[in-house]
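# Architecture at a glance
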Amino acid sequence: MTAVEGTGRAPVAVADLPALRRRVSAVLVASQVLGGLGVATGVALAAVLAKEVSGTESLSGLAPTATVAGTAVLSVPLAALMTARGRRPGLVLAYLIGAAGAVVVVVAAAVGNFPLLLVGMAGFGAASSANLQARFAAADLAEPSARARAISNVVWATTIGAVLGPNIAAPAGRSVSALGVPEASGAFVWAAGAFLLSAVVVAVLLRPDPLLTARALEPGADTSAAGRSLRAGIAAVAASGRARLALVTVAVAHTAMVSVMSMTPVDLGHHGASIDLIGLVISGHIAGMYAFSPVMGRLADRLGRLGVIGLSVGLLAVSALLAGTAGGRHAQTAAGLFLLGLGWSAGLVSGSALLTDSVPGAARAAAQGLSDLTMNTAAGVGGAIAGLVVARASYGWLTLGAALLLLPLSALALCARGRPGHGRGTDAAEAG
């Protein structure tokens, strides 16, 4: 039995799949490290650069918001391209758009044009979309019982970029000091280079395409254009209760994380925390998000997706309680933010694996694009509302609101667990 990529290239024998899986995973991890480095470097100074260009601190938050909006809006056309042509062209295009967006940001900084800067930041968000879609590419050829681990390994690779990115912002700024542009724009020069390298790695090494290969290996798969369309992806999610649960899981986990995390530095500052301490708390949060994702992947494969979704709900609830009642107890806030990252990781990995399990192979890329659109749109709205809640009420009310988001997710998860055939360990492999 063989799988043909559909472009006349040599077939892939089923016996060669284990080696191909390792190769795909290695390529995706490499691209994720580079892409994550570029995103983290730019995001670290996005608000700073926006303040310099706009001349007012009140508009500085629009830069990261534009990035989130760009990630959400671009996720659908990029998913449509992947659905039609495979992962490789979609990921390459996303990284190229991200690089172009970074260049536009640098030009906007040089000429002092704030609206142009926001346009560039929206394009910059395409690289974040590529990083998100890479986790699904890792699952294309994975065995059903190992999909969560494949996803988690790619998510883990983001740790490297997330840690290194902010730390190279300063040398990146110094590298452009002779060009007459704001030093903060240097981060985007380096980000553009990282995205271009990611595009080259994917274009050259991600062969054969994992999505097209997986489709060719699937017996009785719908190979028609209609079966692979975005409409088919939406219909597949609508028809599956488990797919709807997966979509809600990643959306709620991402919204709760972004909303609480974005306002935690403000709350810490209100309680006298230093910049160094705030940085330490956020670093612990990022470690919780990415460093332990392989653990969440293995748990999701061994205990089942629903069990780890329940773990995500528990972690997010405890994190909201700790952070919301901490006040001036900074160690308690740090513990809450660390658990917030762990809860996000558990929700993203288990929800992504469950979504992949629950929809037909032909419609998976479209459904996965819908998932990223939903989670980023919800998080963008949540992040915007978070500032209003803290300004008009308090940080404690914000964390309570995040906890309340978990109630419908808990109800959906309990309903799914109560159905026959969805007990411990069975949901991971059912689709296989």
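Every chain begins its residue count from 1, and numbering advances along the sequence as written. In view of the model being predicted, local features appear only for residues whose pLDDT reaches at least 70, and side-chain atom pairs are presented and counted only at 80 or more, with totals across whole chains, interfaces and linings using the full set of residues. To obtain the side-chain values, all non-hydrogen atoms of the structure were included, while hydrogens and water were left out.

## As for unusual backbone geometry
How we decide: Each helix is a run of H or I in the DSSP string that is no shorter than four residues. Each strand is a run of E no shorter than two, and both are numbered from the N terminus.
For the peptide bond that leads from R207 to P208, omega is -5°, which places it in the cis range. One can find P208 in the loop between α7 (186-205) and α8 (210-217).

## Focus on the pattern of salt bridges
Let me state the cut-off plainly: Take a side-chain nitrogen of Lys or Arg and a carboxyl oxygen of Asp or Glu: if they are within 4 Å of each other, that pair is a salt bridge. Burial here depends on accessible area, computed with a 1.4 Å probe over protein chains only, as a share of the maximum for the residue type. Under 20% is buried, over 50% is exposed, and the range in between is partly exposed.
Scanning all chains against the criterion turns up seven salt bridges. Residue R87 pairs with D140 through a salt bridge whose shortest N-O separation is 2.7 Å. Here R87, found in helix α3 (residues 87-111), pairs with D140, found in the loop between α4 (114-139) and α5 (147-167); they are 53 residues apart in sequence, far enough to count as distant. A relative accessible area of 0% places R87 in the buried class. What makes D140 buried here is its relative accessible area of 8%. Within this structure, R147, R149, D301, R305 and D357 form a network of salt bridges that share partners.

## Side note on the packing of aromatic side chains
Inclusion rule: Centre distance within 6.5 Å is the pairing criterion for rings of Phe, Tyr and Trp, where only the six-membered ring of Trp is used; planes under 30 degrees apart are then read as stacked, over 60 as edge-to-face, and the remainder as tilted.
Within the structure shown, the criterion is met by five aromatic pairs. A ring pair is formed by Y290 and W344, whose centres lie 5.5 Å apart and whose planes are at 80°; its orientation type is edge-to-face. Taken together, the residues span a long stretch of sequence, with Y290 in helix α11 (residues 275-290) and W344 in helix α14 (residues 330-358) at a distance of 54 residues. Of the two residues, Y290 and W344, both sit in the buried class. Counting every residue linked through ring pairs, the aromatic cluster contains Y95, F124, F188 and F195.

## Digging into the nonpolar core
What counts is decided by this rule: Definition used in this section: a nonpolar core is a set of buried Ala, Val, Leu, Ile, Met, Phe, Trp, Tyr and Cys residues joined via side-chain atoms within 4.5 Å. Contact definition: two residues touch when any of their heavy atoms are within 4.5 Å.
The biggest cluster of nonpolar side chains holds 64 residues, and the ones touching the most others in it are V237, L245, I309, L355, V359 and Y395. Residue contributions to this core peak at 13 residues, all from helix α10 (residues 241-270). Setting aside residues up to four positions removed in sequence, V237 forms contacts with A243, R244, L247, L355, V359, A367 and L370. Core analysis: the second largest hydrophobic core is formed by 52 residues, V39, A63, A127 and A134 among them.

## Some points on the packing of helix α2 (residues 62-85) against helix α15 (residues 364-392)
The condition is simple: Each axis is a line fitted through C-alpha atoms, taken for helices only over the stretch in contact, and angles between the N-to-C directions span 0 to 180 degrees. Each angle gets one of four labels, with under 35 degrees taken as roughly parallel, over 145 as roughly antiparallel, 65 to 115 as roughly perpendicular, and the rest as oblique.
For the pair α2 and α15, the least separation of the axes is 8 Å and the interaxial angle reads 175°. Comparing their axes, α15 and α2 come out roughly antiparallel. Along the contact surface, α2 presents V68, T71, A72, S75, V76, A79, M82 and T83, while α15 presents A365, A366, G369, D372, L373, N376, T377 and G380.

## Let's talk about the packing of α2 against α4
Going by this rule: Two helices crossing with the near one rotated counterclockwise from the far one by less than a right angle form a left-handed crossing, whereas a clockwise rotation gives a right-handed crossing. Nonpolar residues are Ala, Val, Leu, Ile, Met, Phe, Trp, Tyr, Cys and Pro. Charged residues are Asp, Glu, Lys and Arg, and all others, Gly as well, are polar.
Remark: α2 packs on α4, axes separated minimally by 6 Å, with the N-to-C direction vectors making an angle of 50°. Between α2 and α4, the crossing angle belongs to the class labelled oblique. Viewed along their axes, α2 and α4 form a crossing whose handedness is right-handed. In terms of residue class, the contact of α2 with α4 is made up of 14 nonpolar, nine polar and no charged.

## Some thoughts on helix α9 (residues 230-239)
Basically, it comes down to this: Arc definition: directions from the helix axis to the C-beta atoms.
Inspection of α9 places A232, G233, A236 and V237 among the buried residues, and these make up the whole buried set. Along the axis of α9, the buried positions cluster into a sector of 135°, meaning they face one direction only. Summarising the geometry of α9, the exposed residues directed more than 90 degrees from the buried face are R231 and A239. Check the buried side of α9 and you find it contacts α10, α14 and α15.

## A look at the confidence of the model for the chain
We count it as follows: The predictor attaches a confidence to each residue, called pLDDT, with possible values from 0 through 100.
Of all residues in the chain, 91% attain a pLDDT of 70 or more, and the chain-wide mean is 87. Taken element by element, the predicted model of the chain shows its lowest mean pLDDT in strand β1 (residues 2-3) (48) and its highest in helix α13 (residues 305-324) (97). A low-confidence stretch, residues 1-10 (pLDDT under 50), is modelled with 24 contacts involving residues beyond four sequence positions or located in other chains. Taken together, the stretch residues 420-432 has pLDDT below 50 and engages in 28 contacts with residues farther than four places along the chain or on a different chain.

## Things to note about α8
Quick note on the threshold: Polar contact is the term for a pair of N or O atoms within 3.5 Å; when the atoms are in protein, one must be able to donate a hydrogen and the other to accept it, and sequence-neighboring residues count only if both atoms are side-chain atoms.
For α8, the tally of buried residues reaches seven of eight residues, placing the bulk of the element in the interior. Where α8 is concerned, the buried positions are P210, L211, L212, T213, A214, R215 and L217. Regarding α8, its N-cap is D209, as a side-chain oxygen of that residue lies 3.0 Å from the backbone nitrogen of L211 further along.

## A word on the environment of A366
Within the secondary structure, A366 sits in helix α15. Sequence separation of A366 and A232 is 134 residues, and the distance between their C-alpha atoms is 7.5 Å.

## Looking at a nonpolar patch on the surface
Heads up, the rule is: Only residues whose relative accessible area exceeds 30% and that form no salt bridge enter a patch; like-charged residues are grouped when within 9 Å of one another, and nonpolar side chains (Val, Leu, Ile, Met, Phe, Trp, Tyr) when within 5 Å. Each accessible area value is a Shrake-Rupley result obtained with a 1.4 Å probe; residue values ignore everything except the protein chains displayed when judging cover.
There is a patch of nonpolar side chains on the surface, built from W397, L400, L404 and L407 and spanning about 440 Å² of accessible area. With three residues, the single largest contributor to the nonpolar patch is helix α16 (residues 395-404).

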